[in-house]
Amino acid sequence: MHHDQATSQRIVVLAHERRRFGYRRIGDLLRAAGTKINDKRVYRLYKLADLSVRKRRGKQRLKLERVPLHECQTINEVFLLACPRSVSIWPSASLAQPKQQP
């Protein structure tokens, strides 16, 4: 089919211009340009042209030695350690001190 051949060439051109676009977004571009085509036909032509969106590699993280978390002895101890007393989120945060055992 001549229609499929012309559309297939257009799909290949769009896929090379927009490497991160899959068949659905390429179909949207074709429809925005005035071509009457559904997603199933775009998918078929996309696969026949052996196109696919490349997978992204994950972020490379630094491999540091893991340090265990501080073990809490009282309620809200982690909160008190994380927030210095000079930085107050709540007005009563400066009053929050661990209770002393009698």
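Keep in mind that what you see is a predicted model, and the values were worked out from it rather than measured. (Residues numbered from 1 in each chain as written. Predicted model: local features only at pLDDT ≥ 70, side-chain atom pairs only at ≥ 80, totals over all residues. Heavy atoms only, no water.)

K.L.:
How should helix H3 (residues 39-48) be read in this particular structure?
P.N.:
Along an α-helix, residues three or four positions apart point the same way, because every turn accommodates 3.6 residues. Residues of H3 that are buried include every one of Val 42, Leu 45 and Tyr 46, and no others. Buried residues of H3, seen end-on, are gathered within an arc of 105° and therefore sit on one face of the element. Across H3 from its buried face, at more than 90 degrees, point the exposed residues Lys 40 and Leu 48. Phi turns positive, to about 60°, at Asp 50, one or two residues after H3. (Buried < 20%, exposed > 50% of the residue type's maximum accessible area, 1.4 Å probe, protein only. Helix = DSSP H or I, 4+ residues; strand = E, 2+ residues; numbered from the N terminus. Arc of directions from axis to C-beta.)

K.L.:
How should the pattern of salt bridges be read in this particular structure?
P.N.:
One side chain can pair with another of opposite charge once the charged atoms of both are near each other. Scanning the model with the defined rule gives 5 salt bridges in all. Among the ionic pairs, Asp 4 bridges to Arg 44, the shortest N-O distance being 3.2 Å. Highlighted residues: Asp 4 in helix H1 (residues 2-17) and Arg 44 in helix H3, separated in sequence by 40 residues. A residue is classified by how much of its surface remains accessible, and Asp 4, at 9% relative accessible area, is buried. Overall, Arg 44 belongs to the partly exposed group, its relative accessible area being 37%. Arg 31 is the partner of Asp 39 in a salt bridge, and the nearest nitrogen-oxygen pair spans 3.2 Å. Take Asp 39: its relative accessible area is 24%, and that puts it in the partly exposed class. Overlapping salt bridges bring together Arg 24, Asp 28, Arg 31 and Asp 39 as one network. (Salt bridge = Lys/Arg side-chain N within 4 Å of Asp/Glu carboxyl O.)

Everything listed is a geometric property; what it means functionally is a separate question.
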